[in-house]
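# An overview of the molecular structure
Listed here are the chains, written in short residue letters.
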Amino acid sequence: MPNLSVNLAGLRLDNPVIPASGTFGFGYEFAELYDINVLGSIALKGTTKEPRFGNPLPRIAECEGGLINSVGLQNPGVHAVIDEELPRLEKVFHKPAVANISGFAIEDYACCAELFDKDPRIGILEINVSCPNVHNGGMSFGTEPESAAAVTRAVKAVTKKPVFMKLTPNVTDIAAIARACADAGADGISLINTLLGMRIDLKRRAPVIANTMGGFSGRAVFPVALRMVWQVYEATGLPIMGIGGVSSAEDVIEMLLAGATAVQVGAENLVKPWACPQIIEALPAAMQKYGIENLSDIIGGAHHG
Amino acid sequence: MNQLTYTITKNAPLTADVYRMTLTGDTSAITAPGQFINIKLDGLFLRRPISICDWDEEGLTIIYKVVGRGTEQMSKMKSGETLDCLVGLGNGYDIAACPQNPVLVGGGVGVPPLYGLAKRLIASDRKPSVILGFNTAAEIFGDMEFASLGVNVTVTTVDGSAGVKGFVTSALKGGEYVCACGPEPMLKAVHKIASGGQFSFEARMGCGFGACMGCSCQTVAGPKRICKDGPVLTYEEILWP
């Protein structure tokens, strides 16, 4: 019997498949479709200190092999997430979830992290540093090693739970950012967030997305994500949640070979709502085909020497 | 919600760019008129949401306008081909909330879901009347089908080439309870003069089932998702941007 379990920074997951933040809400839309306890865990909708409506519509654009989204972190705010969303989720999901935190100032991250730290329903904190820093001209926290490290330190100071820094791929040197997070005490790295992109409507001669640009994700980004997982594994050796274009059991295995310990499935959930359980079901046969008994044996397995 | 494979039994144009497609397959997930299906098409990543015109135990009918790559691809499909669809999506029209004589107001390709609604209103002993708005006579479709249900049909055209000249509001007295579907400017104009009703909205969607927040709008009761909490919103909850 193939063994799908992995140990993610001290958290034992039945399998490495986790729906990615922003593609799974707070879980219960999917709980109407299947038993979400088959999942390794769930990365919850990105949460900010204050409630946010997000960006104007249209927020979505079709692309070859994926989509652009510009939702803008719509969420009810950390207090409503803890008081309203998690109690609803708890009824249908009985494993520790991954809280996903966004902020526009370092204090915002620390505030949310401190609140989630006390919550037994949360197993891992995933810190999205792709947001603009309002105190630094709107430059994303994740594009400079110093600011990514500063967020890491601020979060680590207020929590004992494992902290995974979720990195933006829109940088020159992903390894340098990841190393800065590792040196600042990060327990793991999640990557990649979406690639900045845009589309233009030919009839209107104007951008499709109301906010002009948005984040590109979907199957097309898989090679980029895989490459960055590879680089960060070599640069830090930290546990990694590999994210970007994962749509099959083979993709999961490829991500693990590149260095991921767990894998998040994002855009695929939106067009194939049963994508995660289908991938989990397909894993044993794929493992058998490639001679894998324990998934945890192959993490980083393509790095030689 | 179900994910199902439907077989196309007919796909033919009604006007220059509006097509009617009939599909056979399980329709048990459909619970109300105004709901939609989300269609997977070869070579396109996102599914395409299309409102259900009518359905029975054997299958369903959709009427769609060719506006882009997805609908263009659909227009070329032949009977016997299959479509992968998510079905039973959205919050449709609430028949129980309708009074005895609701006015159904459709604009252009917003007309189709009102047909399934009219049939079910009649089945629940109500007497709807229908106002169908188009730009010009050549774009008119559906008027005969509504007439054959025995409902009073008024057609409006912006250029006056058929029916009442002007927008759908030219055919409304004001103060009616309205079930509307059409472009947002039409919905807004109708909302302004109606006394109550239910309004179906359109949006570019990511998932179509409430997961991605790609189609959220502000309402009196806070943010709602057009795909899951809508597409039909009540008169009272609508906030115009």
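In this text, all values refer to a predicted model and were calculated from it rather than measured experimentally. (Residues numbered from 1 in each chain as written. Chains lettered and ligands numbered in written order. Predicted model: local features only at pLDDT ≥ 70, side-chain atom pairs only at ≥ 80, totals over all residues. Heavy atoms only, no water.)

### Concerning the overall build of chain A
- On a plain count of helices and strands, chain A comes out with 9 helices and 15 strands.
- A globule of 305 residues ought to have a C-alpha radius of gyration of about 19 Å, and chain A, at 18 Å, matches this closely.
- With the C-alpha coordinates aligned to their principal axes, the bounding extent of chain A is approximately 50 × 50 × 45 Å.
- Taken over 305 residues, chain A has a buried fraction of 61%.
- Counting only contacts in chain A whose residues sit at least 6 apart along the sequence, the fraction spanning at least 24 positions is 72%.
- Of the roughly 11,800 Å² of accessible surface on chain A, a fraction of 53% belongs to carbon and sulfur atoms.
- Taking the average place of the 24 positive charges on the side chains of chain A and the average place of its 31 negative ones, the gap between the two points comes to 4 Å. (Helix = DSSP H or I, 4+ residues; strand = E, 2+ residues; numbered from the N terminus. Rg over C-alpha atoms; globule rule 2.2 N^0.38 Å. Buried < 20%, exposed > 50% of the residue type's maximum accessible area, 1.4 Å probe, protein only. Contact = heavy atoms within 4.5 Å. Areas by Shrake-Rupley, 256 points an atom, 1.4 Å probe, with all protein chains shown as cover. Lys, Arg positive; Asp, Glu negative; His and termini not counted. Charge placed at Lys NZ, Arg CZ, Asp CG, Glu CD.)

### Digging into the sheet that holds strand β5 (residues 66-69) of chain A
Residue and element names in this part refer to chain A.
- Ordered by their spatial adjacency, 4 strands build an open sheet running β4-β5-β13-β10, and the pairing between neighbours is antiparallel. Because the sheet does not close on itself, it has two edges, and the strands there are β4 (60-63) and β10 (195-197). When strand polarity is set aside, the average angle formed by the axes of neighbouring strands in this sheet is 35 degrees.
- Judged from the 4 bridges that link them, β4 and β5 form a sheet pairing that is antiparallel. Its bridge partner being in β5, C63 is matched across the sheet by G66. (Pairing = 2+ DSSP bridges. Axes fitted to C-alpha atoms, helices over the stretch in contact; angles between N-to-C directions.)

### Some points on the sheet that holds strand β2 (residues 18-24) of chain B
Residues and elements named next belong to chain B.
- One closed barrel holds the 6 strands; their spatial order is β1-β2-β5-β4-β3-β6, and the pairing between them is antiparallel. For this sheet the average axis-to-axis angle between neighbouring strands, irrespective of direction, equals 45 degrees.
- As paired strands, strand β1 (residues 2-13) and strand β6 (residues 82-89) are joined by 6 bridges and run antiparallel to one another. Its bridge partner being in β6, T7 is matched across the sheet by T82.
- Sheet contacts for helix α2 (residues 112-123): β4 (48-55) and β5 (59-65); angle to β4, the most-contacted strand, approximately 30 degrees.

### A short note on helix α7 (residues 249-258) of chain A
Residue and element names in this part refer to chain A.
- The element α7 is largely enclosed, with a buried count of 7 among its 10 residues.
- Along α7, the positions that sit buried rather than exposed are A249, D251, V252, I253, M255, L256 and A258.
- Residues of α7 that are buried make contact with β3 (17-19), α6 (222-236), β14 (240-243), β15 (262-265) and α9 (275-289).
- Trailing α7 by a residue or two, G259 shows a phi angle of about 135 degrees, which is positive.

### As for the nonpolar core
- If you look at the biggest cluster of nonpolar residues, it comprises 130 residues, and the most contacted ones within it are A:F116, A:I127, A:M165, A:L167, A:L191, A:L295 and B:V105.
- Each of two domains, domain 1 (2-89) and domain 2 (95-237) of chain B, supplies a minimum of three residues to this core.
- Beyond its immediate stretch of four places on either side in the chain, A:L295 contacts A:N3, A:L4, A:V6, A:P16, A:I253, A:L256, A:L283 and A:M287.
- Listed in part, the 25 residues of the second largest apolar core include B:V130, B:F141, B:F146 and B:C179. (Core = buried A, V, L, I, M, F, W, Y, C linked by side-chain atoms within 4.5 Å. Domains from an automatic or database assignment.)

### Thoughts on the interface of chain A and chain B
- At the interface, 35 residues of chain A touch 30 residues of chain B.
- In this assembly, chain A and chain B are joined by 3 salt bridges.
- In this structure, the salt-bridge partner of B:R225 is A:E29, at a minimum N-O distance of 2.6 Å.
- At the boundary of chain A with chain B, the tally comes to 10 residue pairs in polar contact (both at pLDDT 80 or more).
- Listed by contribution, the elements that provide at least two residues to the side of chain A that touches chain B are α1 (28-31), β4, β5 and α8 (267-271) of chain A. (Salt bridge = Lys/Arg side-chain N within 4 Å of Asp/Glu carboxyl O. Polar contact = N/O pair within 3.5 Å; in protein donor to acceptor, adjacent residues only side chain to side chain.)

### What about α2(B)?
Residues and elements named next belong to chain B.
- Between its terminal C-alpha atoms α2 stretches 18 Å, which fits the 16 Å expected from 12 residues at 1.5 Å a residue.
- Summarising the contacts, the buried residues of α2 are in contact with β4, β5, β7 (103-107), α3 (143-148) and β11 (177-181).
- D125 sits one or two positions beyond α2 and adopts a positive phi of about 65 degrees. (Expected span 1.5 Å × (residues − 1).)

### Digging into the side chain of A:N100
- Positionally, A:N100 belongs in strand β6 (residues 97-102).
- Residues within four places of A:N100 in sequence aside, it is in contact with A:S21, A:L44, A:K45, A:G46, A:T47, A:E126, A:N128 and A:K166.

### Considerations on the pattern of salt bridges
- On inspection of all chains with the given rule, the structure shows 17 salt bridges over all chains.
- For A:E268, the salt bridge identified is with A:R219, shortest N-O distance 2.5 Å. Taken together, the positions of A:E268 in helix α8 and A:R219 in the loop between β13 (214-217) and α6 put the pair 49 residues apart, joining distant regions of the chain.
- Across the pair B:D54 and B:K119 runs a salt bridge whose closest N-O atoms are separated by 2.6 Å. Taken together, the residues B:D54 in strand β4 and B:K119 in helix α2 connect sequence positions 65 residues apart.
- Each member of the salt-bridge network shares a partner with another, and the members are A:R12, A:D14 and A:K95.

### Topic: the packing of helix α5 (residues 174-183) of chain A against α6(A)
Residues and elements named next belong to chain A.
- Packing of α5 against α6 brings their axes to within 9 Å, and their N-to-C directions diverge by 45 degrees. Classified by the interaxial angle, the pair formed by α5 and α6 is oblique. Judged by the sense of rotation from one axis to the other, the crossing of α5 with α6 is right-handed. Seen from α5, the contacting residues are I174, A175, A178, R179 and A182; seen from α6, they are M228, Q231, V232, A235 and T236.
- Taken together, the residues that form the contact of α5 with α6 break down as 7 nonpolar, 2 polar and 1 charged. (Parallel < 35°, antiparallel > 145°, perpendicular 65-115°, else oblique. Left-handed = near helix turned anticlockwise from the far one by under 90°. Nonpolar A, V, L, I, M, F, W, Y, C, P; charged D, E, K, R; others polar.)

### Quick notes on the domain arrangement of chain B
Residues and elements named next belong to chain B.
- Considered domain by domain, chain B is made up of domain 1 (2-89) and domain 2 (95-237).
- Each side of the interface is counted separately: domain 1 has 20 residues, and domain 2 has 21 residues.
- Taking both sides of the interface into account, the surface hidden between domain 1 and domain 2 amounts to around 1,600 Å²; carbon and sulfur atoms contribute 65%.
- Where domain 1 touches domain 2, the interface holds 3 salt bridges.
- Residue R120 pairs with D54 through a salt bridge whose shortest N-O separation is 3.0 Å.
- Linking domain 1 with domain 2 are 6 residue pairs in polar contact (both at pLDDT 80 or more). (Buried area = accessible area lost by both parts, 1.4 Å probe.)

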